[in-house]
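Structure assessment
Single-letter residue listing:
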Amino acid sequence: MIEAEGLYYCYEKNGDYVLNDLNFKIDRGEFVFIIGASGAGKSTLFKLIIREIVPVKGTLKVFGHDLARMPRYRVPYLRRNIGMVFQDFRLLEDRTAFDNIAFAMQVTGASSREIRRRVPYVLELVGLPDKANAKVCDLSGGEQQRIGLARAIINRPAMIIADEPTGNLDPENSYEIMNILRSFNIRGTTVLVATHNHEMVKLLKKRVILLDKGRLAADEAKGVSAGAL
Amino acid sequence: MIEAEGLYYCYEKNGDYVLNDLNFKIDRGEFVFIIGASGAGKSTLFKLIIREIVPVKGTLKVFGHDLARMPRYRVPYLRRNIGMVFQDFRLLEDRTAFDNIAFAMQVTGASSREIRRRVPYVLELVGLPDKANAKVCDLSGGEQQRIGLARAIINRPAMIIADEPTGNLDPENSYEIMNILRSFNIRGTTVLVATHNHEMVKLLKKRVILLDKGRLAADEAKGVSAGAL
Amino acid sequence: MPCNGFFYAWGEALRSLNRNKWMTIASIGVVVVTLLMLGGFMLVHLNLNHITESVKSQVEIVVYIEDTATLAERNELRERLVAHSALAEVRFVSRDEALRRMKEKLGDLVEGYEGSEENPLPDSFELRTHNPEAVGAVAEELARYPAVAKVDYGKATVEGLFQATRAVQLVALALMIGLAVTAVFLIAHTIRMTVFIRRREIMIMKYVGATNWFIRWPFVLEGLLIGLFGAILPLAGLYYIYRVSLDWVSANLMFLTLVPLPLVMVELSKYLIPLGTGLGILGSAFSMDRFLRV
Amino acid sequence: MPCNGFFYAWGEALRSLNRNKWMTIASIGVVVVTLLMLGGFMLVHLNLNHITESVKSQVEIVVYIEDTATLAERNELRERLVAHSALAEVRFVSRDEALRRMKEKLGDLVEGYEGSEENPLPDSFELRTHNPEAVGAVAEELARYPAVAKVDYGKATVEGLFQATRAVQLVALALMIGLAVTAVFLIAHTIRMTVFIRRREIMIMKYVGATNWFIRWPFVLEGLLIGLFGAILPLAGLYYIYRVSLDWVSANLMFLTLVPLPLVMVELSKYLIPLGTGLGILGSAFSMDRFLRV
Ligand SMILES: Nc1ncnc2c1ncn2[C@@H]1O[C@H](COP(=O)(O)OP(=O)(O)OP(=O)(O)O)[C@@H](O)[C@H]1O
Ligand SMILES: Nc1ncnc2c1ncn2[C@@H]1O[C@H](COP(=O)(O)OP(=O)(O)OP(=O)(O)O)[C@@H](O)[C@H]1O
Ligand SMILES: [Mg+2]
Ligand SMILES: [Mg+2]
């Protein structure tokens, strides 16, 4: 599903490498936590996966395609297969929760009947059934975060990437969210979660990739044994 | 320092109360955690304290002033005495970290010599001494959060209000941040922290106010005994 | 664009115009105001042209006949003139008629001199050319005809008039081009602005997997609608203004004939509608590209 | 505003102009373009006015003297005319001179008639009034003087000319007002836009405890600078354009006299600079208020 080989990235020419010689492979249907200190490069790795940026060295293959070689016009189709929860949410503040989620379906050409059926379902799933018509800027931090997740899963993507999806959530809601991700994972979706919530990592006992200043410091099959925690 | 008496708030006319009959008193020099599920009303309470909004019922006194009666032109001076870390950071994305922090000093009429001396000091404090000239939009989530904290403490305010200041930080950095807040607290600053990081709450053993759907569900002197945790 | 996409694009364009009411009104306002100015100026320009044309067409050549010319010579001259391809009108003016005209001009002060043998004026032909600019050349040619004493075409006046109208037209054209460039700049800038303000929206669409054209279509349609409204409103306004002006002119300045209303509206529509909609569309389509690169 | 604040405000205004280069250029561009148009039009308007004034001042009254008038009567008439307060110029034209002029106009066709007793033309006075609009009334008054056979002032021509110039001025004024309104609207809109785009910045400043005026000053200065540059550039442009036009006109259209350069620049500066800076300042100061309410 994702194959990184000698992956390097730096934002400025001749700057420090933000990602430094990453080598890993994530198979279809895996559930992987990406952890690491603030600034370790987690969000940068995700930007590479959705091809917001391209590697400066090495190869990154997603769904079998080498992203560096992928033509521009193919990128939207790549992104439709990846549901991403952004660390800063990236919601349209002045539109309703419903619109924000529906948006991701319209992009794929879904009919409005389908949209009207599916959006309330995912809103229910993330625990916000009564916020459909609230504007995003009128929602609490945690509520916005859950709208972001709802948008990511609405199209039943082949892969879900969640960057710090529980940073603004209480433990109970965090657990709920993790459960949703797990249930998608059980039905075959590959899930990558970047998080600082080590408690959750320990609880779920999934594969853990630990980044340290852009280097792959550990890659453990069971979170509980990840040395750095 | 902060006195709430029969405090009610709702965003829409005739909507549900987001804050419902809050009564509490926070003294000078206290360190208080505000916890509660997503949507419980923590950020709303903070908005009331910096007088972004005014109570619909009841009184809220900050520094001895009844905020509902405070004239508009006094509000800036209230805010200068309160250093606030926003849940969504509220930084100027296209300016450097230095500018964002310096900004809060310029507002008070500080000289540029003073600014050049103090800003690097707080950047050091939050662990980002080498990011002074990085644009905020080029910083990682956790780095942005720490810039937000640096801005809040730059003027040595009488009160610090931090809304989820560690949501994007790894445990180590979170602990550092809490330590900074604690050190300010020791020197007499009143500190209010809204957080979902219950581990930190347990660790610090400070007063905890628990909100549940806008009601004050618990107010315990030592976090460790807060029933809901 | 599949059927779903078509409806989505239109729906989204309308919804977004409605959502950003303030921007929509301001943008249409800018387009209306600039095109109204441009249109108003075109109106004036068209009519100035019309008026100078009619003035020019009144410029005539006078061919004075030698007093000594015989009837045969006179007839031959008339025939040559009538046959001349550059001349539109040939009229004989006898010396008596010329004197009568002079008397008319001077009033009844010269009474009693009618028919006097002492009439100092010669017989003449008054000619009008098809093309007023040809007056000079034709006059020179006619001066070489036999039996012609002198050819007069108000050389100084005509050339002065032409130079003046040329100057006015030059200034008018400069102002028009200035206004047109202004309109292009302002409309394009305004539409770019509406896109710029919504760059975040555009980027987020890209992040959830929208293709460039999926994003572009609603913006293009929005630009089209803004441009269309922004062109139709000034057209309506100019229609009304021009109708009132025509009435006023025909009541107060009878000697002026203006371009008729339907002709003017056709001319204006021909420029304003493509300008408005074209700029609206291009403005949106191109100003978006740099935000589509994520 | 304390000293620190003063430097901060100017520094911040300059920094922000530099930071938002794209917006700055676009805003100045809009102001320049609109004021250039307005200024260009004012130029044309001023000169049209000047030209019609000079044409008007050339309108004259001709008083024809009765052939039967005695020398005494003629002298009395001359004195009354010279003493008349509305008249600026009085010139005697003898019948001989009148005939000579006519011959000049008709060329050498009427040769040999000089001095002839048969000259059908009367003696006359040519008069010029101080105020061209008074021509009609003065002419009527003079017609009642003794020894006056007829008073002529090209009634139809003069009145037609005045009506025409009045119409042109009306149209010119309408276009000018239209352009001025456009300029006001566009400049204010542009400045509001620069504020709107930075509403987030304004709100964040409020959150960290900035007073309204602390926030407003840099914006106001920015508006001032945009307005000032936006007014000075078109002034410079118009200076150049007008100088070239003056040269061209004096070379090609010698019969036209235009308003001199310094006068025009003073007139233009008087309107454009206040318009640009005023709108810049007001545009920023007022469009900000709704974002200051947090
Ligand atoms: N657009 C950018 N331009 C330049 N540097 C950047 C940019 N984005 C991130 N960086 C730098 O790259 C490093 C890694 O950033 P990244 O966002 O990947 O960290 P992260 O692991 O997601 O951290 P966090 O947990 O705080 O979100 C940081 O030091 C950051 O300052
Ligand atoms: N501007 C607003 N208009 C309308 N409703 C709002 C607005 N802001 C917040 N709310 C609602 O008020 C409730 C409390 O919001 P608040 O932001 O105070 O929650 P919170 O405790 O900070 O939650 P979180 O932990 O998720 O940040 C939520 O249900 C939210 O949807
Ligand atoms: Mg990150
Ligand atoms: Mg909150």
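Residues numbered from 1 in each chain as written. Chains lettered and ligands numbered in written order. Predicted model: local features only at pLDDT ≥ 70, side-chain atom pairs only at ≥ 80, totals over all residues. Heavy atoms only, no water.

**Focus on the overall build of chain A**
Looking only at helices and strands, chain A has seven helices and 10 strands in total. The C-alpha radius of gyration of chain A comes to 17 Å, within 12% of the 17 Å expected for a compact globule of 229 residues. Each principal axis of the C-alpha atoms in chain A carries an extent, and together these give about 45 × 40 × 30 Å. Out of the 229 residues belonging to chain A, those deemed buried represent 58%. Of the roughly 9600 Å² that chain A leaves accessible, carbon and sulfur atoms contribute 45%. (Helix = DSSP H or I, 4+ residues; strand = E, 2+ residues; numbered from the N terminus. Rg over C-alpha atoms; globule rule 2.2 N^0.38 Å. Buried < 20%, exposed > 50% of the residue type's maximum accessible area, 1.4 Å probe, protein only. Areas by Shrake-Rupley, 256 points an atom, 1.4 Å probe, with all protein chains shown as cover.)

**Focus: the sheet that holds strand S2 (residues 19–26) of chain B**
All names here are of chain B. Strand order in the open sheet formed by four strands is S2-S1-S4-S5, and the pairing between neighbours is antiparallel. The outermost strands of the open sheet, each flanked by one partner alone, are S2 and strand S5 (65–66). In this structure, strand S4 (residues 57–62) lies alongside S5, joined through two bridges in antiparallel fashion. Bridged to Val 62 within S5 is His 65. (Pairing = 2+ DSSP bridges.)

**Some points on the interface of chain D and chain B**
Taken together, the 17 residues of chain D in the interface contact 22 residues of chain B. Interface area, chain D with chain B, both sides summed: about 1900 Å², of which 58% is carbon and sulfur. Interface area lost by chain D to chain B is led by Ile 204, Tyr 207 and Val 208 of chain D, which between them contribute 34%. Counting the contacts that link chain D with chain B gives two salt bridges. Residues Glu 12 of chain D and Arg 95 of chain B are paired through a salt bridge, measuring 3.5 Å at the closest nitrogen-oxygen approach. Joining chain D to chain B, the criterion identifies six residue pairs in polar contact (both at pLDDT 80 or more). In terms of residue count, the dominant contributor to the side of chain D that touches chain B is helix H7 (residues 199–207) of chain D (six residues). Along the lines of polarity and charge, the residues of the side of chain D that touches chain B split into eight nonpolar, three polar and six charged. (Contact = heavy atoms within 4.5 Å. Buried area = accessible area lost by both parts, 1.4 Å probe. Salt bridge = Lys/Arg side-chain N within 4 Å of Asp/Glu carboxyl O. Polar contact = N/O pair within 3.5 Å; in protein donor to acceptor, adjacent residues only side chain to side chain. Nonpolar A, V, L, I, M, F, W, Y, C, P; charged D, E, K, R; others polar.)

**Some words on the state of the cysteines**
Taken as a whole and judged by the stated rule, the model has zero disulfides over all chains. We note that Cys 137 of chain A lacks a disulfide partner, and the nearest cysteine sulfur, in Cys 10 of chain B, lies 17 Å from it. (Disulfide = S-S within 2.5 Å.)

**What to know about the side chain of His 196 of chain A**
Tracing the sequence through the fold places His 196 of chain A in the loop between strand S8 (190–194) and helix H7 (198–204). On the basis of relative accessible area, His 196 of chain A is assigned to the buried category, the value being 7%. A distance of 3.1 Å separates a polar atom in the side chain of His 196 of chain A from the backbone oxygen of Asn 168 of chain B. A distance of 3.3 Å separates the side chain of His 196 of chain A from the backbone nitrogen of Asp 170 of chain B, its partner in a polar contact. In this structure, His 196 of chain A is in contact with Gly 36, Ala 37, Ser 38, Lys 42 and Glu 164 of chain A together with Asn 168, Leu 169, Asp 170 and Pro 171 of chain B, ignoring residues within four places of it in sequence.

**Some remarks on the coordination of the magnesium ion (ligand 3)**
Expected angles at a metal are 109.5 degrees for tetrahedral coordination by four donors and either 90 or 180 degrees for octahedral coordination by six donors. All names here are of chain A. Taken together, the protein ligands of the magnesium ion (ligand 3) are Ser 43 (OG) and Gln 87 (OE1), with distances of 1.9 to 2.2 Å. One end of the pair, Ser 43, is in helix H1 (residues 42–49); the other, Gln 87, is in the loop between strand S6 (82–85) and helix H3 (97–106), with 44 residues separating them in the sequence. With relative accessibility at 21%, the residue Ser 43 sits in the partly exposed group. (Donors = N, O, S within 2.8 Å, 3.2 Å for Na, K, Ca; no water.)

**A word on the side chain of Thr 195 of chain B**
Residue and element names in this part refer to chain B. Inspection of the secondary structure assignment puts Thr 195 in the loop between strand S8 (190–194) and helix H7 (198–204). Assessed through its relative accessible area of 0%, Thr 195 is described here as buried. Polar side-chain contacts of Thr 195 include one of 3.0 Å to the backbone nitrogen of Asn 197. When residues no more than four places from it in sequence are discounted, the contact partners of Thr 195 are Phe 33, Ile 34, Ile 35, Glu 164, Thr 166 and Val 201.

**Quick look at a negative patch on the surface**
All names here are of chain C. A cluster of acidic side chains, namely Glu 66, Asp 67, Glu 73, Glu 76 and Glu 79, defines a negative patch on the protein surface. Inspection of the secondary structure puts Glu 66 in the loop between strand S1 (60–65) and helix H3 (71–83). For Glu 66, a relative accessible area of 35% corresponds to the partly exposed category. (Patch = residues over 30% accessible without salt bridge, like charges linked within 9 Å, V, L, I, M, F, W, Y side chains within 5 Å. Lys, Arg positive; Asp, Glu negative; His and termini not counted. Charge placed at Lys NZ, Arg CZ, Asp CG, Glu CD.)

**Examining the pattern of salt bridges**
Where charged atoms from two side chains of opposite charge come close, those side chains can pair. All names here are of chain C. Taken as a whole and assessed by the stated rule, the structure comprises 32 salt bridges over all chains. The residue Glu 12 makes a salt bridge to Arg 15 at a minimum N-O spacing of 3.2 Å. Of the two residues, Glu 12 and Arg 15 both sit in helix H1 (residues 3–19), three residues apart, roughly one turn of that helix. The exposure class of Glu 12 is buried, given its relative accessible area of 7%.

**Section: unusual backbone geometry**
When glycine is set aside, most residues are seen to have a negative phi, and most peptide bonds are trans. Residue and element names in this part refer to chain A. Backbone geometry places Glu 164, a non-glycine residue, at a positive phi of 50°. Topologically, Glu 164 is positioned in the loop between strand S7 (159–163) and helix H6 (171–186). Among the residues examined, Glu 164 registers a relative accessible area of 2% and is labelled buried.

**Here we look at the packing of helix H4 (residues 112–125) of chain A against helix H5 (residues 141–153) of chain A**
All names here are of chain A. One can describe the packing of H4 onto H5 by two numbers: an axis separation of 9 Å at closest approach and a directional angle of 135°. In this view, H4 runs oblique relative to H5, as classed from their interaxial angle. The way H4 lies across H5 gives a crossing that is right-handed. From H4, Arg 118, Val 122, Leu 123 and Leu 125 reach across to H5, where they touch Ile 147, Ala 150 and Ile 153. For the contact of H4 with H5, the per-class residue count stands at six nonpolar, no polar and one charged. (Axes fitted to C-alpha atoms, helices over the stretch in contact; angles between N-to-C directions. Parallel < 35°, antiparallel > 145°, perpendicular 65-115°, else oblique. Left-handed = near helix turned anticlockwise from the far one by under 90°.)

**Quick word on the site of ligand 1**
Close to ligand 1 lie 21 residues, the nearest being Ser 43 and Thr 44 of chain A together with Ser 140, Gly 142 and Glu 143 of chain B. The local environment of ligand 1 is shared, drawing residues from chains A and B. One of the side-chain N or O atoms of Ser 43 of chain A is found 2.6 Å from an oxygen atom in ligand 1. For the shell around ligand 1, the secondary-structure elements that each account for two or more residues are H1 of chain A together with helix H5 (141–153) of chain B. The element best represented in the shell around ligand 1 is H1 of chain A, accounting for four residues. Looking at side-chain class alone, the shell around ligand 1 contains four nonpolar, 11 polar and six charged residues. (Near = heavy atom within 4 Å.)

**Some details on the packing of aromatic side chains**
Two aromatic rings are characterised by how far apart their centres lie and by the angle between their planes. Per the counting criterion, the structure on display carries 18 aromatic pairs over all chains. With a centroid separation of 6.1 Å and an interplanar angle of 50°, the aromatic rings of Phe 196 of chain C and Phe 291 of chain C are classed as tilted. Of this pair, Phe 196 of chain C sits in helix H6 (residues 155–197) while Phe 291 of chain C sits in the segment after helix H9 (261–287), and the two are 95 residues apart along the sequence. As far as the burial class goes, Phe 196 of chain C and Phe 291 of chain C line up, both buried. The rings of Trp 22 of chain C together with Phe 196 and Phe 291 of chain D are connected pair by pair, giving a single aromatic cluster. Just above the ring of Tyr 8 of chain B sits the side chain of Lys 57 of chain B; from NZ or CZ to the centre is 4.4 Å. When the ring centre of Phe 103 of chain B is taken as origin, the NZ or CZ atom of Arg 95 of chain B, which lies over that ring, is 5.9 Å away. (Phe/Tyr/Trp six-rings, centres within 6.5 Å; stacked < 30°, edge-to-face > 60°. Lys NZ or Arg CZ within 6 Å of the ring centre and 35° of its normal.)

**Here we look at the site of ligand 2**
The environment of ligand 2 is formed by 21 residues, the closest being Ser 140, Gly 142 and Glu 143 of chain A together with Ser 43 and Thr 44 of chain B. Of the chains in the model, those with residues near ligand 2 are chains A and B. Between ligand 2 and Asp 138 of chain A there is a distance of 2.9 Å, counted from a nitrogen atom to a backbone nitrogen or oxygen. Contacts to ligand 2 include Ser 140 of chain A, whose side-chain N or O atom sits 2.6 Å from an oxygen atom. In isolation ligand 2 offers 630 Å² of accessible surface; the protein chains occlude 91% of this area.

**Some words on the environment of Lys 213 of chain A**
Residues and elements named next belong to chain A. Here Lys 213 lies in the loop between strand S9 (207–212) and strand S10 (215–220). For Lys 213, a relative accessible area of 67% translates into the label exposed. When the C-alpha atoms of Lys 213 and Lys 42 are compared, they prove to be 9.7 Å apart, with 171 residues separating the residues in sequence. Among all residues touching Lys 213, those that are not within four sequence positions of it are Tyr 17, Val 18 and Ala 40.

**Quick word on the confidence of the model for chain C**
Close inspection of predicted coordinates is inappropriate in any region flagged by low pLDDT. Residues with a pLDDT of 70 or more make up 85% of chain C, whose mean pLDDT is 80. Within chain C, the element-level pLDDT minimum falls on helix H4 (residues 95–106) of chain C, averaging 72, and the maximum on helix H7 (residues 199–207) of chain C, averaging 90. (pLDDT = per-residue confidence, 0-100.)

**So, the sheet that holds S7 of chain A**
Residue and element names in this part refer to chain A. Taken in spatial order, the six strands make up an open sheet running S6-S7-S8-S3-S9-S10, and their pairing is mixed. Here the strands that pair on one side only, and so sit at the sheet edges, are S6 and S10. The average undirected angle you get between the axes of adjacent strands in this sheet is 15°. The sheet contact formed by S6 and S7 spans four bridges and is parallel. By the bridge assignment, Gly 83 is partnered in S7 with Ile 160.

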